[in-house]
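Structural features, examined
In case you want the letters, here they are:
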Amino acid sequence: MKEWQKETVYQIYPRSFQDSNGDGIGDINGIISRLDYLQKLGIGLIWLTPMYVSPGNDNGYDIADYYQIDPVFGTMAEFENLLNQAHERGIKIIMDMVVNHTSDQNRWFQEALKSKDNPYHDYYIWRDPVDGHEPNNWVSKFSGSAWKYVPELDQYYLHLYDVTQPDLNWRNEKVRAEIFKMLKFWANKGIDGFRLDVINNISKDKNLPNDTFKTPLDDGRNFYTNGPHVHEYLHEMYEEVFGPNNFVTVGELSSTPISEAVKYTNPKRQELSMAFTFHHVKVDYTGGKKWTLGHYKLTDLTRILSEWQVKMGAQGGWNALFWDNHDQPRAISRFTDDGKYRDQSAKLLAMVEFGLQGTPYIYQGDEIAMKNAYFTDISQYNDHESINAYHALIKSGVSKDEAIKILQQKSRENSRLPMQWDSSKNYGFTTGQPWLKPIHHDDYSVETVLKKKSNVFNFYRALIFMRKNKQVLTDGAYKLLDSHDNSVYSYERFDDKGKILVMANFTGETQERKVADGFNLILGNYDNIELNNGTVTLRPYESIMLENK
Ligand code: GLC
Ligand code: CA
């Protein structure tokens, strides 16, 4: 068992965390000023989303210079200071790394544009037009074709994401060598690991064939997700960088089946430490489509989570556990009730997550029950993915009102709101104009939450502490108790020494359930619970953790 398997990771989206100089954008010195807060929470690692030089078309996931910190966030010296200060507090730093694509402003791409025989041309994926059209029918994850025509070269380049994010050609050995060199540069700074952005997309099918469009998922991804050489490339990265530096690594692996996730994360294969997968956060995609008003059934959610728990556990894989991040709406708005039962909801989701096997992640603000933005106009959005989706919806005949409702529910901008620190203007995030407008008059902030008696922050602390001390939570087996229960999610974790039972009422109504004898309460999200004669009455959004030794 590795030490990090008992720890909790905290994800920081620097742009929205803490501004220190009044320009409205969060920065490195802002993060440093909040390290004591994070230490108090008890987390062991921080994942920082990208802070490299970038034009910011995809908020830093479009890297123009891999070797420099973007001045908007600070300087390299400030970054080194952050690293030292975190280490002094016993906190590790994981950097986000984007190697599937670069920004079109990257020097490599600028060179590539100059001519077909420029040495950098082959750093990217180019194809000649086919009958005057795109080389194939693949769709960009941010809407529209995945190909962009460059008239000067009479060629198209591939961009699976924004048009300003050309995909790198990993078949080119020189690309791999450049990437490994760059990863080593950051390793030598003393960081502790990487979160690897869309890493399962780096190896494309050589022939780039058309996809079938039989379902919304047959949009090209069949030919680049978990592609032919991806495991080789990752093993090479492990040997060159991750292994020698004893790194903690997590791969972002969308559209990935369990059998593949096992390959990425089983330690014997020497690829990654753990996997982010997304099946559970697609549970409210109506007909497989993201940009719809969605509802979910608890039994679908528990079936997906349970399958991953059981199969990853049995085959030596390791899950990264999460409900939301900078690409997802806030979990309490999505899966539970962010109104009347906001505190209970935040605690319930935390308990369900921390009881599962894997490494739990907290996205900034989850620990104070932050909720969706509920923007009412498209002009309030900044994110390209959301804006493109809005226009695509309108074009397909959806009304403006309906499109806004869909964005309120599904847009990732919801979780990018500035962190709410206190009750001053802009919640103490900035003294200037915040880059993204905060929500109006919300009485949740670090300051107000910490004043409450049984607060969400302390609930997370308790769970983090428990993860460090209860071995059964790390390596105990998992069992779903009732796969037909559409209101209460009950599961057990067990080893030969004992059992943990988690019961979570995902409804706004009271639910009665049976409990076997011999269990004692160790944590609950209401102040007192009733456990009589083998029956428990769970109030709205009540969740409890019990132990039997
Ligand atoms: C990942 C990132 C997301 C970004 C995309 C393209 O999914 O998490 O924010 O837009 O990759 O780099
Ligand atoms: Ca700033």
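Positions within a chain are numbered from 1, following the residues in the order the chain's sequence is written. Chains carry letters from A onward and ligands carry numbers from 1 onward, assigned in written order. Where totals are concerned, whole chains, interfaces and linings use all residues; where local detail is concerned, this predicted model gives features only for residues with pLDDT of at least 70, and gives and counts side-chain atom pairs only at 80 or more. To get the side-chain values, take all heavy atoms of the structure and skip hydrogens and water.

Some remarks on the domain arrangement of the chain
In this document the domain limits rely on a domain assignment from an automatic tool or a database. Looking at the assigned domains, one finds that the chain contains domain 1 (1-95 + 364-372 + 420-469), domain 2 (107-158), domain 3 (173-318), domain 4 (374-410) and domain 5 (477-548). Just the C-alpha atoms count here: the centres of domain 2 and domain 3 sit 25 Å apart. By the convention used here, residues are in contact when the closest approach between their heavy atoms is within 4.5 Å. Every contact between the two is made by 12 residues of domain 2 and, on the other side, 17 residues of domain 3. Between domain 2 and domain 3, roughly 1,300 Å² of surface is buried when both sides are summed, and carbon and sulfur atoms account for 58% of that area. A per-residue breakdown of the area domain 2 buries against domain 3 is headed by Y123, W138 and K141, which together make up 46% of the total. For this analysis, a salt bridge means a side-chain nitrogen from Lys or Arg found within 4 Å of a carboxyl oxygen belonging to Asp or Glu. Between the two partners, domain 2 and domain 3, sit zero salt bridges. Between N or O atoms, a polar contact is any pair within 3.5 Å; within protein, one atom must be a potential hydrogen donor and the other a potential acceptor, and residues adjacent in sequence are included only when both atoms are from side chains. Here domain 2 and domain 3 share seven residue pairs in polar contact (both at pLDDT 80 or more) between them. Charged means Asp, Glu, Lys or Arg here, nonpolar means Ala, Val, Leu, Ile, Met, Phe, Trp, Tyr, Cys or Pro, and polar covers whatever is left, Gly included. Looking at the side of domain 2 that touches domain 3, its residues break down into eight nonpolar, two polar and two charged. Here the quantity called buried area is the accessible surface, traced with a 1.4 Å probe, that two parts lose on coming together, added over both.

A look at the site of ligand 1
A cutoff of 4 Å decides nearness: a residue is near a molecule or strand if any of its heavy atoms lies inside that distance of it. Inspection of the region around ligand 1 gives 14 residues, with D58, D197, E252, H326 and D327 positioned closest. Between ligand 1 and D327, the relevant distance is 2.4 Å, taken from an oxygen atom to a side-chain nitrogen or oxygen of the residue. Per-residue accessibility takes into account occlusion by the displayed protein chains alone, with areas from the Shrake-Rupley method and a 1.4 Å probe. Contact with the protein chains covers 96% of the free accessible surface of ligand 1, which is 310 Å². Within the shell around ligand 1, the residues separate by chemical class into four nonpolar, three polar and seven charged.

Quick notes on the sheet that holds strand β17 (residues 511-514)
Strand order in this open sheet of three strands is β17-β20-β19, and the pairing throughout is antiparallel. The sheet is open, and its two borders are formed by β17 and β19 (531-532), each paired with just one other strand. By definition, two strands form a pair when at least two bridges between them are found by DSSP. In DSSP terms, a helix is any run of H or I states spanning at least four residues, a strand is any run of E spanning at least two, and both are numbered starting from the N terminus. Pairing analysis gives two bridges linking β19 to strand β20 (residues 535-538), with the strands arranged antiparallel. Across the sheet, residue N532 finds its bridge partner in β20, namely T535.

Let's talk about the coordination of the calcium ion (ligand 2)
With water excluded from the atoms, a metal site may look incomplete; its donors are any N, O or S atoms within 2.8 Å, or within 3.2 Å for Na, K and Ca. Within the first shell, the calcium ion (ligand 2) binds the protein through D19 (OD), N21 (OD1), D23 (OD), I25 (O) and D27 (OD), at distances of 2.3 to 2.4 Å. One chain supplies every donor to the calcium ion (ligand 2), and in sequence these donors are spaced D-x1-N-x1-D-x1-I-x1-D. Each residue is assigned to one of three classes by its accessible area relative to the maximum for its type, calculated with a 1.4 Å probe on protein chains only: buried under 20%, partly exposed between the two thresholds, exposed over 50%. The buried category is assigned to I25, whose relative accessible area is 16%.

Overview of unusual backbone geometry
For N59, which is not glycine, the phi dihedral falls at a positive 45 degrees. Assignment of secondary structure puts N59 in the loop between β3 (52-53) and β4 (65-69). Looking at N59, the relative accessible area reads 8%, which means it is buried. Non-glycine residue N246 carries a positive phi angle of around 55 degrees. With respect to the helices and strands, the residue N246 is situated in the loop between α6 (230-242) and β10 (248-252). In this structure N246 comes out as exposed when scored by relative accessible area, which is 63%.

Topic: the packing of helix α11 (residues 384-395) against helix α12 (residues 400-410)
Each axis is a line fitted through C-alpha atoms, taken for helices only over the stretch in contact, and angles between the N-to-C directions span 0 to 180 degrees. Following both chains from N to C, one finds α11 and α12 inclined at 145 degrees, their axes separated by 10 Å at the closest point. The two elements α11 and α12 cross, and the hand of that crossing is right-handed. Facing S386, Y390, L393 and I394 of α11, the residues of α12 in contact are K400, A403, I404, I406 and L407. Looking at the contact of α11 with α12 residue by residue, the class counts come to seven nonpolar, one polar and one charged. Handedness of each helix crossing follows the sense of rotation of the near helix against the far helix: counterclockwise by less than a right angle gives left-handed, clockwise gives right-handed.

Some remarks on the sheet that holds strand β11 (residues 274-276)
Judged by pairing direction, the sheet is parallel, and its eight strands sit side by side in the order β11-β10-β9-β5-β2-β1-β13-β12 without closing on themselves. With partners counted over all chains shown, the strands left at the sheet margins are β11 and β12 (320-321), one partner each. In terms of strand pairing, strand β5 (residues 92-97) meets strand β9 (residues 193-196) through four bridges, oriented parallel. Counted as the bridge partner of I94 is G193 from β9.

A word on the pattern of salt bridges
Here the structure, examined in full by the defined rule, presents 31 salt bridges. A salt bridge links R412 to D383, with the nearest nitrogen and oxygen atoms 2.9 Å apart. Here R412, found in the loop between α12 and α13 (446-451), pairs with D383, found in the loop between β13 (359-363) and α11; they are 29 residues apart in sequence, far enough to count as distant. In this structure R412 comes out as buried when scored by relative accessible area, which is 5%.

Points about the packing of α6 against helix α7 (residues 258-265)
Close contact between α6 and α7 brings their axes to 10 Å; oriented N to C, the two are set at 20 degrees. On the basis of their axis angle, the class for α6 and α7 is roughly parallel. The hand of the α6/α7 crossing is right-handed. Judged by residue contacts, V230, H231 and L234 of α6 engage E260, K263 and Y264 from α7. Here the contact of α6 with α7 is composed, by residue class, of three nonpolar, one polar and two charged. Angles are sorted into four bins: roughly parallel if under 35 degrees, roughly antiparallel if over 145, roughly perpendicular if 65 to 115, and oblique for all others.

Some words on the side chain of N226
Position of N226 relative to the elements: it lies in the loop between β9 and α6. Separated by 2.7 Å, the side chains of N226 and Y264 make a polar contact. Ignoring any residue separated from it by four or fewer positions in sequence, one finds N226 in contact with N200, S255, T256, P257, E260 and Y264.

A short note on the pairing of β9
The alternating pattern of β9 places G193 and R195 and F194 and L196 on opposite faces, both of which are buried. By convention a crossover is right-handed if, when the strands point away from the viewer, the path from the first strand over the helix to the second runs clockwise. As for the winding sense of the linkage, the β-α-β connection from β9 through α6 to β10 is right-handed.

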